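# A structural walkthrough
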Amino acid sequence: MDLEARSLQPNVKVVLLAKLREYKSDLNNLKSEHKRLASANSNQAARDDLLESGMADAMSVSANQRGRLMMSTERLNESSDRIKESRRTMLETEELGVSILQDLHQQRQSLLHANDTKEQLHGVDDNISKSKKILTNMSRRMSRNKWIISSIIVVLVVAIALILYFKLSK
């Protein structure tokens, strides 16, 4: 048809060649659509054949895979449980560490307070030493005053006795 259209007169030739190109394009589109549909049908048939022949194998493979999947799930659950237990242990350890740090802080405060108290006690000790010296001196003075008063009383008693003796002897 292409050759016949080229051999015609130029004014008819252009119109016929344009129509011819359009028809060829439509034909190519239809061929490609036919191939696509035919391959889809053949793919579907091949797929059905494969599924039917592989169904028995698929069941055994599926059971095997299901068993492996269940084992994997069980291991995953065990691992999750271990992780939860480890996390709980970590939290308990952290609480214990916080408690120990608080105790250490309180002990530090006690030691610092004891150091301040020690310095205050040195001052108190100095005051006690001074008080002890004062009390010792007071005790010595009291003893001395007792001796002096006793001596005066003895002298007075002797003097009264002498006065009475001389008065009564005359």
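These numbers come from a predicted model, not from an experiment. (Residues numbered from 1 in each chain as written. Predicted model: local features only at pLDDT ≥ 70, side-chain atom pairs only at ≥ 80, totals over all residues. Heavy atoms only, no water.)

### Topic: the overall build of the protein chain
When its secondary structure is counted, the protein chain shows 2 helices and 0 strands. Put simply, the protein chain shows about 16,000 Å² of open surface, and 61% of that area lies on carbon and sulfur atoms. (Helix = DSSP H or I, 4+ residues; strand = E, 2+ residues; numbered from the N terminus. Areas by Shrake-Rupley, 256 points an atom, 1.4 Å probe, with all protein chains shown as cover.)

### Describing the pattern of salt bridges
Under the definition given, this model contains 2 salt bridges. Ionic pairing is found between R88 and E92, a salt bridge with its closest N-O pair at 2.4 Å. Linking R88 with E92, this pair stays in helix α2 (residues 10-169), spanning 4 residues, or about one helical turn. Looking at R88, the relative accessible area reads 38%, which means it is partly exposed. Look at E92 and you get partly exposed, because its relative accessible area is 44%. Among the ionic contacts, a cluster of salt bridges with common partners joins E85, R88 and E92. (Salt bridge = Lys/Arg side-chain N within 4 Å of Asp/Glu carboxyl O. Buried < 20%, exposed > 50% of the residue type's maximum accessible area, 1.4 Å probe, protein only.)

### Notes on a nonpolar patch on the surface
Where nonpolar side chains cluster on the molecular surface, the patch consists of V154, V158, L162, Y165 and F166 and spans about 520 Å² of accessible area. On the secondary structure map, F166 appears in helix α2. (Patch = residues over 30% accessible without salt bridge, like charges linked within 9 Å, V, L, I, M, F, W, Y side chains within 5 Å.)

### A closer look at the environment of L16
Following the sequence through the fold, L16 ends up in helix α2. A residue is classified by how much of its surface remains accessible, and L16, at 33% relative accessible area, is partly exposed.

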